[in-house]
Amino acid sequence: MECQTLDLRAYVCPMALLLAKRAAASLRAGEQLVILLGDQGAKNDIPTYFTREGFTIAWLDTLDTRLHVTKQ
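Quick summary incoming for the structure in this document. Values in this document were obtained by computation on a predicted structure and should not be read as measured data. (Residues numbered from 1 in each chain as written. Predicted model: local features only at pLDDT ≥ 70, side-chain atom pairs only at ≥ 80, totals over all residues. Heavy atoms only, no water.)

## Considering the pattern of salt bridges
With the rule as written, the count across this model stands at four salt bridges. Residue Arg28 pairs with Glu31 through a salt bridge whose shortest N-O separation is 3.6 Å. By relative accessible area, Arg28 is classed as exposed at 59%. Between Arg52 and Glu53 there is a salt bridge, with the nearest N and O atoms lying 4.0 Å from each other. (Salt bridge = Lys/Arg side-chain N within 4 Å of Asp/Glu carboxyl O. Buried < 20%, exposed > 50% of the residue type's maximum accessible area, 1.4 Å probe, protein only.)

## Some words on helix α1 (residues 15-25)
Every buried residue of α1 is listed here: Ala16, Leu17, Leu19, Ala20, Ala23 and Ala24. Buried residues in α1, looked at end-on, bunch into an arc of 165°, giving them a common side. For α1, the exposed residues lying more than 90 degrees away from the buried face are Arg22 and Ala25. Buried residues along α1 sit against β1 (3-7), β2 (32-36) and α2 (40-52). (Helix = DSSP H or I, 4+ residues; strand = E, 2+ residues; numbered from the N terminus. Arc of directions from axis to C-beta. Contact = heavy atoms within 4.5 Å.)

## Section: the packing of aromatic side chains
Per the stated rule, a full pass over the model turns up two aromatic pairs. Measuring from centroid to centroid gives 4.9 Å for Phe50 and Phe55, while their planes differ by 85°, and the two rings are edge-to-face. Residue class for Phe50 comes out buried when judged on its relative accessible area of 0%. Residue class for Phe55 comes out buried when judged on its relative accessible area of 12%. Joined through ring pairs, the aromatic side chains of Tyr49, Phe50 and Phe55 make up one cluster. (Phe/Tyr/Trp six-rings, centres within 6.5 Å; stacked < 30°, edge-to-face > 60°.)

## Comments concerning the environment of Glu2
Topologically, Glu2 is positioned in the segment before β1. Classification of Glu2 as exposed rests on a relative accessible area of 68%. Each C-alpha atom of the pair Glu2 and Gln32 lies 7.4 Å from the other, and the pair is 30 residues apart in sequence.

## Describing the pairing of strand β4 (residues 66-70)
Counting buried positions along β4 gives four out of five residues, so the element sits mostly inside the fold. Where β2 and β4 come together, five bridges link them in antiparallel fashion. In the strand pairing of β4, Val34 is matched with His68. As paired elements, strand β3 (residues 56-59) and β4 share four bridges and run antiparallel to each other. (Pairing = 2+ DSSP bridges.)

Spelled out as structure tokens, the structure:
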């Protein structure tokens with residue numbers, strides 16, 4: 001299954017969170033999204049949102065810049 005990439009490194013919250021929500025709204029069950037993050041607020045808020053909404057998340061690196069999201 002193809003995995004989309006959303007580059008939010010140029011955005012800070014709340015805009016980064018809004019764009020992540022929009023991208024996730026089009027995902028169907030089992031689909032995946034990799035989100036590239038730069039802003040510390042986004043690194044905190046976006047994983048919290050996706051966890052609360054029932055998505056599976058995982059960081060792909062130790063710098064917390066690539067978040068892997070899967071819709072359940």
